[in-house]
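# Observations on the three-dimensional arrangement
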Amino acid sequence: AERTIEILHLGDRDALHKACRNAFANYKARLFEYVHSKANGTSNEILENMKNGIRGEQHPSVWYEMKRYYRNGWLGNISRELHDSFAAALGDGVMDW
């Protein structure tokens with residue numbers, strides 16, 4: 001167990017925070033790309049592949065929290081653009097992703 005903690009840097013909170021920030025940036029970029037693609041008439045098959053890409057990202061708890069912030073109306077305080085992207089994607093069941 002100690003070796004696993006060491007190898008994965010589980011005791012290094014800075015590494016965890018950095019990973020979460022990176023995951024947030026990745027989810028945000030993927031959502032922006034999805035909304036842009038949807039607005040430009042991209043096929044449903046490609047849009048579904050994009051959703052699957054989001055589902056397959058690392059740190060799914062970050063995506064869960066982003067959705068929770070959106071549902072509770074807090075996301076606009078962090079990023080109005082991100083809030084609007086969630087709103088644009090909602091028609092596709094983004095909350096089920």
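From a predicted model like this one, the values you see are computed outputs, not experimental measurements.

## Regarding the pattern of salt bridges
Inspection of every chain in the model, using the stated rule, returns five salt bridges. Among the salt bridges present, the one from Arg55 reaches Glu48, with a minimum N-O distance of 3.4 Å. What makes Arg55 partly exposed here is its relative accessible area of 38%. Glu48 gets classed as partly exposed once you look at its relative accessible area, which sits at 33%. Between Arg80 and Asp84 there is a salt bridge whose closest N-O contact spans 3.6 Å. Within this pair, Arg80 and its partner Asp84 are both found in helix α6 (residues 80-89), separated by four residues, close to a single helical turn. Relative accessible area serves as the criterion here: at 49%, Arg80 is assigned to the partly exposed category. Residue classification places Asp84 among the partly exposed residues on the basis of a relative accessible area of 40%.

## Describing the environment of Val35
Relative to the helices and strands, Val35 is located in helix α2 (residues 13-39). The buried category is assigned to Val35, whose relative accessible area is 17%. Note: C-alpha distance between Val35 and Asp84 (49 residues apart in sequence) is 9.7 Å. Among all residues touching Val35, those that are not within four sequence positions of it are Ser85, Ala88 and Ala89.

## Quick notes on the nonpolar core
Residues Tyr27, Leu31, Tyr34, Trp63, Met66, Leu82 and Phe86 are the most contacted members of the largest nonpolar core, which totals 16 residues. Of all the secondary-structure elements, those providing two or more residues to this core are α2, α3 (44-55), α4 (60-71) and α6. Examining the composition of this core, we find that five residues originate from one element, α2, more than from any other. Non-local contacts of Met66, meaning those with residues more than four positions away in its chain, are made with Phe24, Tyr27, Lys28, Leu75, Leu82 and Phe86.

Criteria and cut-off values
- Residues numbered from 1 in each chain as written.
- Predicted model: local features only at pLDDT ≥ 70, side-chain atom pairs only at ≥ 80, totals over all residues.
- Heavy atoms only, no water.
- Salt bridge = Lys/Arg side-chain N within 4 Å of Asp/Glu carboxyl O.
- Buried < 20%, exposed > 50% of the residue type's maximum accessible area, 1.4 Å probe, protein only.
- Helix = DSSP H or I, 4+ residues; strand = E, 2+ residues; numbered from the N terminus.
- Contact = heavy atoms within 4.5 Å.
- Core = buried A, V, L, I, M, F, W, Y, C linked by side-chain atoms within 4.5 Å.

From the geometry alone we can't say anything about function, so treat these as descriptive.
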